Amino acid sequence: MKRDKIIFYVSTGLLTLMMLMSAGMYLFNHEAIAGMFTAFGYPTYIIYPYAMAKILGLVALWFLRGKFLNEWAYAGFFFAFILAFFAHVMISDGEQVGAVIAMVLLILSYIYKKKI
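Let me begin by describing the structure that accompanies this report. (Residues numbered from 1 in each chain as written. Predicted model: local features only at pLDDT ≥ 70, side-chain atom pairs only at ≥ 80, totals over all residues. Heavy atoms only, no water.)

Bringing the environment of A34 into the picture now. Mapped onto the fold, A34 is located in helix α2 (residues 30-40). Along the chain, A34 and I46 lie twelve residues apart, while their C-alpha atoms are 9.6 Å from each other. Not counting residues within four places of it along the chain, the set of residues in contact with A34 comprises T44 and I47. (Helix = DSSP H or I, 4+ residues; strand = E, 2+ residues; numbered from the N terminus. Contact = heavy atoms within 4.5 Å.)

Here we come to the pattern of salt bridges. Counted according to the given criterion, the structure contains three salt bridges. For E71, the salt bridge is made with K113, and the minimal N-O distance between the two is 3.2 Å. In this pair, E71 is assigned in helix α4 (residues 68-91) and K113 in helix α5 (residues 97-115), connecting sequence segments 42 residues apart. Here E71 ties to K114 by a salt bridge, and the two come within 2.9 Å at their closest N and O atoms. Pair noted here: E71 is in helix α4 and K114 is in helix α5, with a separation of 43 residues, a long-range link. (Salt bridge = Lys/Arg side-chain N within 4 Å of Asp/Glu carboxyl O.)

Take a look at the structure:
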């Protein structure tokens, strides 16, 4: 049981750090992120709402365990990471490793959340 809690908290903590760094870049380095979104073919007006969605998803992961919104937060992050992976693959920028790491952390967090 203790091992399961450690794995859950470490994986969720690392995922949280990644998402906070990402949301911080979206909010405070808008020009660089806008250039990246333009390269992906995405509209730049979704940058701020996407950053807020990441932060709200983290709140749901940490504070709404076992609740309906918690499951939706995991699902939202899952689809975001899958789409991020393929977006980076499609433009061949070699940055898809971050999405893979985030996906592994998300899956670990989800599995071990169910165990504790």
